[in-house]
Amino acid sequence: MKAPDVPLSSSVPPPASKPLAEAAAALPLAAGGDRIELMQTFVRIVEAGSLSAAAAQLGTTQPTVSRRLQMLERAFGLKLLQRSTHVMKLTEDGQRCYAHAKDLLESWQAIEADLRGARDEPRGRLRVVVPHAFGQDQLIAPLTEYLRRHPGVSVEWLLHDRRPDFLAEGIDCAIQVGEIEDDAVIAIRLAEVPRIVVAAPGLWGDGEPPLHPEALAVLPWLALQTYYREEVLLLREADGVRSRFAIQPRMYTDSLYALRNAALVGLGACVVSAWVVAEDIAQGRLVHLLPEWHALPLPVHLVYPPARHYPAKLRVFNELVRAHMPTLAGMHRPSAASAGLG
């Protein structure tokens, strides 16, 4: 995982290289066209993989995107893309244009940020990928505050538990639960999610709830297959002693809410994020088994691709989420060492 030491702040890169300057100067203004807009559209087409996907990400129509591409090709007098019914690929000229366009746009964004300085108010559309459960519950509070503070911004709130392809999908950032293994992204550790064992009252039969981890192995079980399937590992809070035992789940799911609901109706015990069952435990609908033991907590990260310049909409969202996440119900603040924030 890439160390989270790249801040979301503006910086002005070195002056453009001679080829870049020549490429920018060689592009005349076509009728009704704008150099930066044409370059932005071309880069989005390449990274989205199709004109229709680029149009959706830019909030415009496919004919508009196609027209901008044609204007760019006419301005340069070059064929930049080879297109057929099912395939689109860059020509050699297109590859050079794409590299120059990326540098040009980053330089332009850095100039804008430097000249605006503190007056840079977030605006535009922010595309964020968040986990299903978090995105429907815990993260709504910081999202609401973000939108209320900054009326010039809109948010695409995309609920996915998978890892996004930031460039191809036009994603600005993601909240991800679990360890991050991709060295090509920036990952800032925000908090940790405590996980506990719960079951419906009486799942263990008559008498008191189980008193030792070994007694849990004979219960019917449910598995959150993203994090455990046929084995459960618990740690004792007091001394860090570990207990590992095998289970044979009656149900596997990748949904935290489905797991909770199955536990509520008595289908089995489960390891679950503490925040999602806190009220059920308080109301007696679920029992917190072996409260002195817990599963390993899950780290929560803010993830985004590296860049020389980050727009205000992303920088401000980053700051707000970092402030809110450790204070949300059921979250633990990460240690300074694990957070990597200095």
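Residues numbered from 1 in each chain as written. Predicted model: local features only at pLDDT ≥ 70, side-chain atom pairs only at ≥ 80, totals over all residues. Heavy atoms only, no water.

J.: Requested: an account of the environment of Arg236, with residues and values cited.
T.: Structurally, the position occupied by Arg236 is in strand E8 (residues 231-236). In this structure the C-alpha to C-alpha distance between Arg236 and Trp293, which are 57 residues apart in sequence, comes to 4.3 Å. The residues contacting Arg236, other than those within four sequence positions of it, are Val241, Glu292 and Trp293. (Helix = DSSP H or I, 4+ residues; strand = E, 2+ residues; numbered from the N terminus. Contact = heavy atoms within 4.5 Å.)

J.: How would you explain the nonpolar core if you had to name every residue and give the values?
T.: Ranked by size, the top nonpolar core spans 63 residues in total, and within it Ile175, Leu216, Trp221, Tyr228, Val272 and Met325 carry the most contacts. Filtering out sequence-adjacent residues up to four positions away, Met325 remains in contact with Leu139, Ile175, Leu190, Ala191, Val300 and Met331. In this structure, Leu38, Ala48, Leu80 and Leu81 belong to the second largest nonpolar core, which totals 20 residues. (Core = buried A, V, L, I, M, F, W, Y, C linked by side-chain atoms within 4.5 Å. Buried < 20%, exposed > 50% of the residue type's maximum accessible area, 1.4 Å probe, protein only.)

J.: If you had to explain the packing of helix H3 (residues 51-58) against helix H4 (residues 62-76) to someone new, which residues and values would you point to?
T.: In a packed pair of helices, the relevant descriptors are the angle between the two axes and the axis-to-axis distance. Interhelical geometry of H3 versus H4 gives an angle of 110° and a closest axis separation of 8 Å. One element, H3, and the other, H4, form an angle in the roughly perpendicular class. Counted together, Leu51, Ser52, Ala54, Ala55 and Leu58 of H3 and Gln62, Val65, Ser66 and Arg68 of H4 form the full contact between these two elements. Partitioned by chemical class, the residues of the contact of H3 with H4 number five nonpolar, three polar and one charged. (Axes fitted to C-alpha atoms, helices over the stretch in contact; angles between N-to-C directions. Parallel < 35°, antiparallel > 145°, perpendicular 65-115°, else oblique. Nonpolar A, V, L, I, M, F, W, Y, C, P; charged D, E, K, R; others polar.)

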